[in-house]
Number of protein chains: 2
Amino acid sequence: MSNELIAARAQLDAWHAAIQDALDAVMLQATGNERLQAAMQHAILNGGKRMRPQLTLATAYALGQDPMRAMQPALSVELVHGYSLVHDDLPAMDDDALRRGQPTVHIAFDEATAILAGDALQTLAFEVLSASPHDAETRIAMVALLARASGIAGMCGGQMLDLEATGHVRSQSLTALETLHALKTGALIRAAVLMGALSAQASTEDTAQLAVFAERLGLAFQIRDDILDIEADSGTLGKTAGKDVEQGKTTFPALIGMEASKARLGQLQEEMHALLRAFGDAAEPLRCLLTRVVERTH
Amino acid sequence: MSNELIAARAQLDAWHAAIQDALDAVMLQATGNERLQAAMQHAILNGGKRMRPQLTLATAYALGQDPMRAMQPALSVELVHGYSLVHDDLPAMDDDALRRGQPTVHIAFDEATAILAGDALQTLAFEVLSASPHDAETRIAMVALLARASGIAGMCGGQMLDLEATGHVRSQSLTALETLHALKTGALIRAAVLMGALSAQASTEDTAQLAVFAERLGLAFQIRDDILDIEADSGTLGKTAGKDVEQGKTTFPALIGMEASKARLGQLQEEMHALLRAFGDAAEPLRCLLTRVVERTH
């Protein structure tokens, strides 16, 4: 392992700890109804990998900014991610009882509480953004970015496509599947990266480059997810394995085969490394994150 | 009927039409998944009274601003209101099949679509705010206001209190009931008024005065709602009457009696008129709105 890689990993570990602390603080400050607060904490403080907020900090770092300046936008993306998981797990949606090895919010509490906890977490994301230590113009640009990435033209629209597509395995084209995931998971991963770019006042060129990197990363994340759903077991995964096939969801391996899916993943990895070359050593934490996405086992 | 009242009513009618047009336009622009867009339109373009956005415009007008300047924040409050109704109507929450005489979103579509439509409407509220024609500082203040009013410290927190209190009629104190409604419906009504104040760059004194007015109005709205649930029939109401009693919800008439509830309403009305006196003739539309709240039959 190279010295650069060791240093990048240590940096990501330190950021992970800082993100955990900041999330703890945000969830403690989100007071009101005790049961609702407990449900929101259950959803967020559950040992998540924090990939999205780490992407925000790593992007700000790659652009030469103190990554701690980008903490609030990083948290806002994680809160939207967290709310979406709570609602996705509901009986009317994916009907999942297990998430990261823990009971999902509607199991640990009840359905009504889970609906409200998701709602209030989305709201909290925008509240956190509004209090970010950036000038007002930048904060409003961040609000617009987060809203577009998570609404009907982004995450929610992708989730709806996913619901419509469920049960129609192999009837979907590869393009349709890529569009689905570009919205469902890709849009928020892209927003995580672009929050870092906004925070660091990146040039138009750097922003465009990072946007393409983020789109590739989102796609790689989903292909890896589909592969893991088949190859991993529930214990390692921390959620129910084989769920996609069982629910009749179209996946990359189902559509193009396992070998072609793995080849596509390798190709995306190369493209991402090429896109990051211009950012030099400062992009080492971003490279480390992309390796984790492509090689993760859970 | 005085000339001032006739003029104020005509003004509110014109604003109502302008709000409808602006909502139509916003919902047409919110493209992505067709089914999701249709569900969002079903939720929003359903002949609502538009009390909250009218409050925003009337407040801006009372402060001497062209009320059309306050349209975007007015719409953002209506979108949050609309999303909350979609989620409140879900089987796991109030389980309502009828809303304004129409099937609710989960009946007209399905539960998963209703959850996503509510989520995407909340997101849209913040997107609309981010594009408001105010300076960035004002827009960020509006984002913070809307988030605080609708999250755990506001509407969502109040809805959770309501769920916890259901089935415990008469065990609640009057103070607890007022707190519940100050959050559940009051916080968003207050935000509607304060959006107008922010839009018009109101002084600290005017803002404080308008905040108290809005808190009284929210309480009056809820007392009237409770009275109507008992005295009106489902046809006039456009939703299922007698639902509160059936679901074992605490109401003002249940707690302090019908006569005392009506007396309290009259007292609030007087207090609100006193609070508006300082704003002179420009507050005539606000007075007209408060009369509608206190005297409405549906």
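Right above here is the structure, for reference.
Being a predicted model, the structure only gives us computed values, none of them experimental.

1. A short note on the overall build of chain A
The helix and strand inventory of chain A stands at 15 helices and 2 strands. A globule of 298 residues ought to have a C-alpha radius of gyration of about 19 Å, and chain A, at 18 Å, matches this closely. Referenced to the eigenvectors of the C-alpha coordinate spread, the extents of chain A come out at roughly 50 × 45 × 35 Å. With 298 residues in all, chain A has 58% of them scored as buried. A separation threshold of at least 6 residues defines the contact pool for chain A, and within that pool the share at least 24 residues apart is 75%. Accessible area for chain A stands at about 11000 Å²; split by element, carbon and sulfur atoms hold 51% of it. With 24 positive and 37 negative side-chain charges, chain A shows a separation of 2 Å between the mean positions of the two kinds.

2. Here's the deal with the packing of aromatic side chains
Counting across every chain of the model gives 3 aromatic pairs over all chains. Between phenylalanine 126 of chain A and phenylalanine 126 of chain B, the ring centres sit 4.3 Å apart and the planes meet at 5 degrees, which makes this aromatic pair stacked. Pair noted here: phenylalanine 126 of chain A is in helix 6 (residues 111-130) and phenylalanine 126 of chain B is in helix 6 (residues 111-130), and the two residues belong to different chains. Neither residue differs from the other here; phenylalanine 126 of chain A and phenylalanine 126 of chain B are each classed as buried. Sitting over the ring of phenylalanine 221 of chain A, arginine 52 of chain A keeps its end group 5.6 Å from the ring centre. The ring of phenylalanine 221 of chain B carries the charged tip of arginine 296 of chain B above its face, separated from the ring centre by 4.1 Å.

3. Side note on the interface of chain B and chain A
If you look at the interface, chain B gives 44 residues, while chain A gives 44 residues. Summed over both sides, the interface between chain B and chain A buries roughly 3700 Å², with carbon and sulfur atoms accounting for 73% of that surface. Per-residue buried area on chain B facing chain A is highest for Ile140, Ile152 and Met160 of chain B; these three make up 18% of the total on that side. The interface formed by chain B and chain A contains 0 salt bridges.

4. Description of the nonpolar core
Grouped together as the largest cluster of nonpolar side chains are 180 residues, with contacts concentrated most on Leu79 and Leu121 of chain A together with Leu79 and Leu121 of chain B. With residues up to four places along the chain from it excluded, the contact list for leucine 79 of chain A reads Leu23, Val26, Met27, Ile44, Leu121, Leu124, Ala125 and Val128 of chain A.

5. Quick notes on the state of the cysteines
Applying the stated criterion to the full structure yields 0 disulfides over all chains. The thiol sulfur of cysteine 156 of chain A is not disulfide-bonded, and the nearest other cysteine sulfur, from cysteine 156 of chain B, lies at 15 Å. Among the residues examined, cysteine 156 of chain A registers a relative accessible area of 2% and is labelled buried.

6. Notes on helix 4 (residues 71-88) of chain A
Compared with the 26 Å implied by 1.5 Å per residue over 18 residues, the 26 Å span of helix 4 of chain A between its first and last C-alpha is a close match. Judged by how many residues are buried, helix 4 of chain A sits mostly within the fold: 17 of 18 residues are covered.

7. Let's talk about the packing of helix 7 (residues 136-150) of chain B against helix 9 (residues 174-199) of chain B
Residues and elements named next belong to chain B. Two elements in contact, helix 7 and helix 9, have axes whose closest approach is 9 Å; the angle formed by their N-to-C orientations is 170 degrees. In this view, helix 7 runs roughly antiparallel relative to helix 9, as classed from their interaxial angle. Contacts between helix 7 and helix 9 involve Thr138, Ala141, Met142, Leu145, Leu146 and Ala149 on the former and, on the latter, Ala187, Leu188, Ala191, Leu194, Met195, Leu198 and Ser199.

8. So, the relation of the copies chain B and chain A
Structural alignment of chain B on chain A gives an RMSD of 0.0 Å, achieved by rotating through 180 degrees and translating 0.0 Å along the axis. The superposition operator between the copies reduces to a two-fold rotation axis. The C-alpha atom lying nearest the rotation axis in chain B is that of alanine 136 of chain B; the distance is 2.6 Å. Interface overlap between copies: 100% of the residues of chain B at the interface are likewise at the interface in chain A, consistent with a symmetric, same-surface contact.

9. Digging into the pattern of salt bridges
Residue and element names in this part refer to chain B. This structure, assessed with the given rule, holds 20 salt bridges over all chains. Between arginine 35 and aspartate 110 there is a salt bridge, with its nearest N and O atoms 2.6 Å apart. Pair noted here: arginine 35 is in helix 2 (residues 34-44) and aspartate 110 is in the loop between helix 5 (105-108) and helix 6, with a separation of 75 residues, a long-range link. Between glutamate 271 and arginine 216 there is a salt bridge, with the nearest N and O atoms lying 2.4 Å from each other. Taken together, the residues span a long stretch of sequence, with glutamate 271 in helix 14 (residues 258-276) and arginine 216 in helix 10 (residues 204-231) at a distance of 55 residues.

10. Quick look at the side chain of histidine 181 of chain A
All names here are of chain A. If you trace the backbone, histidine 181 turns up in helix 9 (residues 174-199). Exposure remark for histidine 181: the relative accessible area of 6% places this residue in the buried category. One polar contact links histidine 181 to glutamine 222, side chain to side chain, over a distance of 3.4 Å. Setting aside residues no more than four positions away along its own chain, histidine 181 makes contact with Gly186, Gln222, Asp226 and Phe252.

What counts as what
Residues numbered from 1 in each chain as written. Chains lettered and ligands numbered in written order. Predicted model: local features only at pLDDT ≥ 70, side-chain atom pairs only at ≥ 80, totals over all residues. Heavy atoms only, no water. Helix = DSSP H or I, 4+ residues; strand = E, 2+ residues; numbered from the N terminus. Rg over C-alpha atoms; globule rule 2.2 N^0.38 Å. Buried < 20%, exposed > 50% of the residue type's maximum accessible area, 1.4 Å probe, protein only. Contact = heavy atoms within 4.5 Å. Areas by Shrake-Rupley, 256 points an atom, 1.4 Å probe, with all protein chains shown as cover. Lys, Arg positive; Asp, Glu negative; His and termini not counted. Charge placed at Lys NZ, Arg CZ, Asp CG, Glu CD. Phe/Tyr/Trp six-rings, centres within 6.5 Å; stacked < 30°, edge-to-face > 60°. Lys NZ or Arg CZ within 6 Å of the ring centre and 35° of its normal. Buried area = accessible area lost by both parts, 1.4 Å probe. Salt bridge = Lys/Arg side-chain N within 4 Å of Asp/Glu carboxyl O. Core = buried A, V, L, I, M, F, W, Y, C linked by side-chain atoms within 4.5 Å. Disulfide = S-S within 2.5 Å. Expected span 1.5 Å × (residues − 1). Axes fitted to C-alpha atoms, helices over the stretch in contact; angles between N-to-C directions. Parallel < 35°, antiparallel > 145°, perpendicular 65-115°, else oblique. Least-squares fit on C-alpha atoms with pLDDT ≥ 70 in both. Polar contact = N/O pair within 3.5 Å; in protein donor to acceptor, adjacent residues only side chain to side chain.

Interpretation in functional terms is not warranted from these geometric data alone.
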